[in-house]
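As a plain string of letters, each chain reads:
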Amino acid sequence: MDDGFLMEVCVDSVESAVNAERGGAGRIELCAGLVEGGTTPSMGLLQVVKQCVRVPVFVMIRPRGGDFLYSDREVEVMKADIRLAKLHGADGLVFGALTEDGRIDTELCTALLAVCRPLPVTFHRAFDMVHDPLVALETLISLGFERVLTSGCDSSALEGLSLIKRLAEQVMSCARCVTSDLFPPGGGITERNLQRILEGSTASEFHCSARSARDSGMKFRNPNVAMGASFSAPEYSIKVADVAKVRTLNAIAKNIL
């Protein structure tokens, strides 16, 4: 954080990881399934990304899309993925788990944190689905998460800005906290709203995807077949982190912080 801020870019491909670093990202969150909000990437993807970038790579641990209430077998998958991610060079890990009544699953989080250590861990946007965010904050601090990614429990970080500010104030007043960067805003951050979000939240970290669509190189195309559900991304348009967008977001943050 030589410039007084850190931009984390979530990516789902080697190309996006390289572009994020070229644009000035200070950390990468590596995922699959960004359409579903991010799921666990393949270990092959992690291996190759680690060969291609020098910035820290935090790996998403989320066995499926949907809610954050996990079965015993899903928990075993998560533990196995954590061990593999550590083996293949992850610099940090990202996960979240809730109880059926919308509270932090302290028992499961404690068990997963034990498998993650000594790597730093981010509690992801499962936080935005909690019943009481202020109580959840205290729980996560006590558990020892290094940071919590949040949109302020709203559709975007801009919409949830007032809650993000309240959470940051609560963190600053907490004697157990050694940093004010526990709550980097994330969700819907663009060049148009980053300044308002950073000024309103007083954050010195933020999380974004900074993606643009590019056309597929395929010349033959079958318009009658789709590889996923009707709401999935089209096969012949690929979204990747955009170097120019990452650089622009970096420049905006530098001018503010």
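Everything here concerns the structure above.
The text that follows walks through the structure, step by step, so that each part is easy to find. Since the model is a prediction, treat every value here as computed from it, not as a measurement.

### Looking at the overall build of the protein
So, point 1. Within the protein, the regular secondary structure consists of eight helices and nine strands.
So, point 2. Its C-alpha radius of gyration of 18 Å places the protein within 12% of the 18 Å reference for a compact globule of 257 residues.
So, point 3. Along the first, second and third principal axes, the C-alpha set of the protein runs to 60 × 45 × 35 Å.
So, point 4. Expressed as a percentage of the 257 residues in the protein, the buried residues total 50%.
So, point 5. The protein carries 27 positive and 32 negative side-chain charges, and their two centres are separated by 5 Å.

### Describing the sheet that holds strand β6 (residues 147-148)
So, point 1. An order of β6-β5-β4-β3-β2-β1-β7 is seen for the seven strands of this open sheet, with the pairing classed as parallel. Single-partner strands in this sheet number two, and they are β6 and β7 (205-208).
So, point 2. Strand direction decides the pairing type here: strand β4 (residues 92-95) and strand β5 (residues 121-123), joined by three bridges, are parallel. Paired with L93 across the two strands is V121, which belongs to β5.
So, point 3. Relative to strand β3 (residues 57-60), helix α2 (residues 43-52) is tilted by about 170°, and along the sheet it contacts β2 (27-30) and β3.

### Things to note about unusual backbone geometry
So, point 1. Going from R117 to P118, the amide bond is cis rather than trans, its omega being 10°.
So, point 2. Following the sequence through the fold, P118 ends up in the loop between α4 (106-116) and β5.
So, point 3. The backbone of C153 shows a phi angle near 60°, a positive value even though the residue is not glycine.
So, point 4. With respect to the helices, strands and loops of the structure, C153 is situated in the loop between β6 and α6 (161-172).
So, point 5. Residue class for C153 comes out partly exposed when judged on its relative accessible area of 28%.
So, point 6. The phi torsion at A210 lies on the positive side, around 50°, for a residue other than glycine.

### Some words on the packing of aromatic side chains
So, point 1. Under the criterion given, the structure shown has three aromatic pairs.
So, point 2. The interplanar angle of 20° and the centroid separation of 6.4 Å between the aromatic rings of F5 and F206 together place this pair among those described as stacked. Here F5, found in the segment before β1 (6-11), pairs with F206, found in strand β7; they are 201 residues apart in sequence, far enough to count as distant.
So, point 3. Members of the aromatic cluster, each reached through a chain of ring pairs, are F95, F123 and F145.
So, point 4. It is R27 that lies over the ring of F58; its NZ or CZ is 5.1 Å from the centre.

### Things to note about the pattern of salt bridges
So, point 1. As enumerated under the stated definition, the model contains 11 salt bridges in all.
So, point 2. Across the pair E205 and R27 runs a salt bridge, and its minimum N-O distance is 2.8 Å. Note that E205 is positioned in strand β7 and R27 in strand β2, a separation of 178 residues in sequence.
So, point 3. A salt bridge links E146 to R117; the shortest N-O distance between them is 3.4 Å. Note that E146 is positioned in the loop between α5 (133-143) and β6 and R117 in the loop between α4 and β5, a separation of 29 residues in sequence.
So, point 4. Residue classification places E146 among the partly exposed residues on the basis of a relative accessible area of 31%.

### What to know about the side chain of T150
So, point 1. If you trace the backbone, T150 turns up in the loop between β6 and α6.
So, point 2. There is a polar contact of 2.5 Å between the side chain of T150 and the side chain of D128.
So, point 3. The contact partners of T150, leaving out residues within four places of it in the chain, are R125, F127, D128, I164, F183, P184, P185 and G186.

### Observations concerning helix α7 (residues 194-201)
So, point 1. Every buried residue of α7 is listed here: L194, I197, L198, G200 and S201.
So, point 2. Buried residues in α7 make contact with α6, β7 and α8 (243-256).
So, point 3. Phi turns positive one or two residues past the end of α7, at T202, with a value near 60°.

Reading the values: the criteria
- Residues numbered from 1 in each chain as written.
- Predicted model: local features only at pLDDT ≥ 70, side-chain atom pairs only at ≥ 80, totals over all residues.
- Heavy atoms only, no water.
- Helix = DSSP H or I, 4+ residues; strand = E, 2+ residues; numbered from the N terminus.
- Rg over C-alpha atoms; globule rule 2.2 N^0.38 Å.
- Buried < 20%, exposed > 50% of the residue type's maximum accessible area, 1.4 Å probe, protein only.
- Lys, Arg positive; Asp, Glu negative; His and termini not counted.
- Charge placed at Lys NZ, Arg CZ, Asp CG, Glu CD.
- Pairing = 2+ DSSP bridges.
- Contact = heavy atoms within 4.5 Å.
- Axes fitted to C-alpha atoms, helices over the stretch in contact; angles between N-to-C directions.
- Phe/Tyr/Trp six-rings, centres within 6.5 Å; stacked < 30°, edge-to-face > 60°.
- Lys NZ or Arg CZ within 6 Å of the ring centre and 35° of its normal.
- Salt bridge = Lys/Arg side-chain N within 4 Å of Asp/Glu carboxyl O.
- Polar contact = N/O pair within 3.5 Å; in protein donor to acceptor, adjacent residues only side chain to side chain.

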